[in-house]
Amino acid sequence: MGFRNFIKEDDGVGTVEVVLLLVVIVVLVILFRERIKKIVTEALTKINEDSDKVIKDK
């Protein structure tokens with residue numbers, strides 16, 4: 001069952017509910033934009049540092 005079938009189903013979540021869920025997600029991302037950016041930046045920095053260590057160890 002693909003995504004298109006999921007969207008077309010009448011017995012599942014309605015379009016209004018999906019739109020409301022997307023609106024809530026967008027609002028949360030906007031509200032916590034700086035915190036999300038900080039977390040992602042820290043994670044990518046840590047990954048980069050750890051990958052440099054692995055490369056140097058080989």
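All values reported here derive from a predicted model rather than from experimental measurement.

A. Up close: the overall build of the protein. From N to C terminus, the protein includes 3 helices and 0 strands. Expressed as a percentage of the 58 residues in the protein, the buried residues total 0%. Approximately 5700 Å² of the protein is accessible, and the part contributed by carbon and sulfur atoms is 67%.

B. View of the confidence of the model for the protein. Residues at a pLDDT of 70 or more form 83% of the protein, whose mean pLDDT is 84. Model confidence for the protein, summarised as mean pLDDT per element, is weakest for helix 1 (residues 3-8) at 72 and strongest for helix 2 (residues 15-31) at 91.

C. Layout of the pattern of salt bridges. On inspection of all chains with the given rule, the structure shows 2 salt bridges. A salt bridge links Lys46 to Asp50, with the nearest nitrogen and oxygen atoms 3.5 Å apart. Of this pair, Lys46 and Asp50 both sit in helix 3 (residues 33-57), 4 residues apart, roughly one helical turn. Residue classification places Lys46 among the partly exposed positions, given a relative accessible area of 45%.

Rules behind the numbers
- Residues numbered from 1 in each chain as written.
- Predicted model: local features only at pLDDT ≥ 70, side-chain atom pairs only at ≥ 80, totals over all residues.
- Heavy atoms only, no water.
- Helix = DSSP H or I, 4+ residues; strand = E, 2+ residues; numbered from the N terminus.
- Buried < 20%, exposed > 50% of the residue type's maximum accessible area, 1.4 Å probe, protein only.
- Areas by Shrake-Rupley, 256 points an atom, 1.4 Å probe, with all protein chains shown as cover.
- pLDDT = per-residue confidence, 0-100.
- Salt bridge = Lys/Arg side-chain N within 4 Å of Asp/Glu carboxyl O.

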